[in-house]
Amino acid sequence: MKKILVCGAGGFIGGHLVKRLKADGHWVRGVDLKQHEFSELPADEFVIGDLREQSVCREVLDRPFDEIYQLAADMGGAGYIFTGEQDADVMHNSATINLNVVHQAQKVGVHKIFYSSSACMYPEYNQLDPDNPKCAEDSAYPAAPDSEYGWEKLFSERLYLSYARNYGMQIRIGRFHNIFGEEGTWQGGREKSPAALCRKVAEAPDGGAIEVWGDGLQTRSFLYIDECLEAVRRLMDSNFAEPINIGSEEMVTINRLAETVMEVAGKSLSLKHIEGPLGVRGRNSDNNLIREKLGWEPTMPLIDGIRKTYQWISAQVERQHSQSADRSYGTA
Ligand code: NAD
Ligand code: GDD
């Protein structure tokens, strides 16, 4: 049984990770700005706190945990990180969290930290062709991410790696490629395309239309949450100390993603392409390194993960509609 700290435990990946670590028999303290929105987490302790505050970091990082998983960040999908409107907050908030966490971890003698980086740190110039994006780990430099969110991830990767070099800490860095699943943000502006399209399809009447940002020919790959957690655990248990992609190689256009959701929902809808924040033109995980170093790769087809996610999001949509119907009945 290990003693583990999960930073960002009230979020999507952090919440699932707490459940997984508890199921594996570990003692877990979670910390986040907020409680988890969708689940009561089985964490042994859950601290509501702001990791931008050094005093909070001292409070939650008061002992040499066996492992830390650092997932806390000011983050969201294209609608949040590619408009430019959140750039200063994203950079300041996430960089401050990482500076505080790694500093305090070193002070109390934590040796092993997982840091959640992102595919957004890869250079835009390798992601202009939607059919042939290049995201091999060694293509990161010369650096040219297309968002401040990506630059912050790159900075923080280097921050953690410098602590490994100078203080002998064991750092593990996963570069996540669009992780999706149940209990992730599905409305409000931070949701990513899988959740956004599930919500739009669930809300649309059969035969209607849903809005898709851009021409829908931009490409991405999407990794289901359980596979993400499996990769993280394997990386933590390995000796591999360089950044590594954690993603799927099943690349699809956003139009194809929307069609997959419709197929699962059993609805026939048309796509209305509108202007919106787009990000890179194409992106796919390159899993050569994870196959070589961890002897593992994800296997779940996109449609299977979308089936689970759609079921959960359509239930949220239904619940919200019946709650607002109850409210308007109450005021009538
Ligand atoms: P999320 O937004 O659901 O979770 C992040 C959590 O961090 C939130 O619960 C938030 O409240 C918390 N947080 C933010 N600022 C904080 C602060 N100052 N103090 C304490 N907690 C704070 O996002 P997620 O999808 O679970 O992502 C987890 C990590 O993985 C993030 O670092 C994200 O950048 C990275 N990542 C995620 C994806 C993805 O597709 N989900 C892709 C690439 C990288
Ligand atoms: N969010 C969203 N909502 N995206 C849409 C929509 C919509 O309704 N319609 C079309 N899209 C398009 C976006 O314009 C973008 O081109 C593409 O779908 C993918 O958008 P997201 O899923 O929101 O984000 P992303 O893949 O560009 O980036 C995500 O993954 C990174 C890791 O690979 C983000 O979550 C980043 O935070 C993350 O680091």
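Residues numbered from 1 in each chain as written. Chains lettered and ligands numbered in written order. Predicted model: local features only at pLDDT ≥ 70, side-chain atom pairs only at ≥ 80, totals over all residues. Heavy atoms only, no water.

1. Some words on the site of ligand 1
Next up, step 1: Within the structure, ligand 1 sits among 26 residues, and Phe12, Ile13, Asp32, Tyr149 and Ile179 are positioned closest to it.
Next up, step 2: In this structure, an oxygen atom belonging to ligand 1 sits 2.7 Å away from a main-chain N or O atom of Ile179.
Next up, step 3: For ligand 1, the accessible surface in isolation is 820 Å², of which the surrounding protein chains cover 93%.
Next up, step 4: Breaking the shell around ligand 1 down by element, the ones donating at least two residues are helix H1 (12-23), strand E5 (112-118) and helix H5 (148-167).
Next up, step 5: Among the elements that take part in the shell around ligand 1, E5 stands out by supplying three residues, more than any other.
Next up, step 6: Considered class by class, the residues forming the shell around ligand 1 number twelve nonpolar, eight polar and six charged. (Near = heavy atom within 4 Å. Polar contact = N/O pair within 3.5 Å; in protein donor to acceptor, adjacent residues only side chain to side chain. Areas by Shrake-Rupley, 256 points an atom, 1.4 Å probe, with all protein chains shown as cover. Helix = DSSP H or I, 4+ residues; strand = E, 2+ residues; numbered from the N terminus. Nonpolar A, V, L, I, M, F, W, Y, C, P; charged D, E, K, R; others polar.)

2. What about the pairing of strand E4 (residues 67-70)?
Next up, step 1: Alternating residues of E4 divide into Glu67 and Tyr69 and Ile68 and Gln70, and every residue in both groups is buried.
Next up, step 2: Alignment of strand E1 (residues 3-7) against E4, held across four bridges, turns out to be parallel. Along E4, the bridge assignment pairs Cys7 with Gln70.
Next up, step 3: Pairing between E4 and E5: three bridges, direction parallel. Each bridged residue has a counterpart across the sheet, and for Gln70 the counterpart in E5 is Tyr115. (Buried < 20%, exposed > 50% of the residue type's maximum accessible area, 1.4 Å probe, protein only. Pairing = 2+ DSSP bridges.)

3. A look at the pattern of salt bridges
Next up, step 1: This model, assessed by the stated rule, comprises 25 salt bridges.
Next up, step 2: Lys22 serves as the salt-bridge partner of Asp44, at 2.8 Å between the closest nitrogen and oxygen. With Asp44 in the loop between strand E2 (27-32) and strand E3 (45-48) and Lys22 in helix H1, this pair connects stretches of sequence that are 22 residues apart.
Next up, step 3: The exposure class assigned to Lys22 is partly exposed, which follows from its relative accessible area of 22%.
Next up, step 4: The residue Arg29 makes a salt bridge to Asp62 at a minimum N-O spacing of 3.1 Å. (Salt bridge = Lys/Arg side-chain N within 4 Å of Asp/Glu carboxyl O.)

4. Let's talk about the nonpolar core
Next up, step 1: One finds Val6, Ile13, Phe176 and Ile246 to be the most contacted residues of the largest nonpolar core, which totals 56 residues.
Next up, step 2: For this core, the leading source of residues is helix H7 (residues 225-236), giving seven residues.
Next up, step 3: Excluding residues within four positions of it along the chain, Ile246 makes contact with Gly174, Arg175, Phe176, His177, Ile179, Leu223, Cys228, Ala231, Val232, Leu235 and Ile290. (Core = buried A, V, L, I, M, F, W, Y, C linked by side-chain atoms within 4.5 Å. Contact = heavy atoms within 4.5 Å.)

5. Some remarks on the site of ligand 2
Next up, step 1: As a matter of local geometry, ligand 2 sits amid 26 residues, with Ser118, Lys192, Lys200, Pro277 and Leu278 nearest to it.
Next up, step 2: Take Lys200: an N or O atom from its side chain is 2.7 Å from an oxygen atom of ligand 2.
Next up, step 3: When ligand 2 sits alone it has 720 Å² of accessible area, and the protein chains cover 98% of it.
Next up, step 4: Every element with two or more residues in the shell around ligand 2 is listed here: helix H3 (78-81), helix H6 (193-203) and strand E8 (209-213).
Next up, step 5: Of the residues forming the shell around ligand 2, the biggest block, three residues, is contributed by H6.

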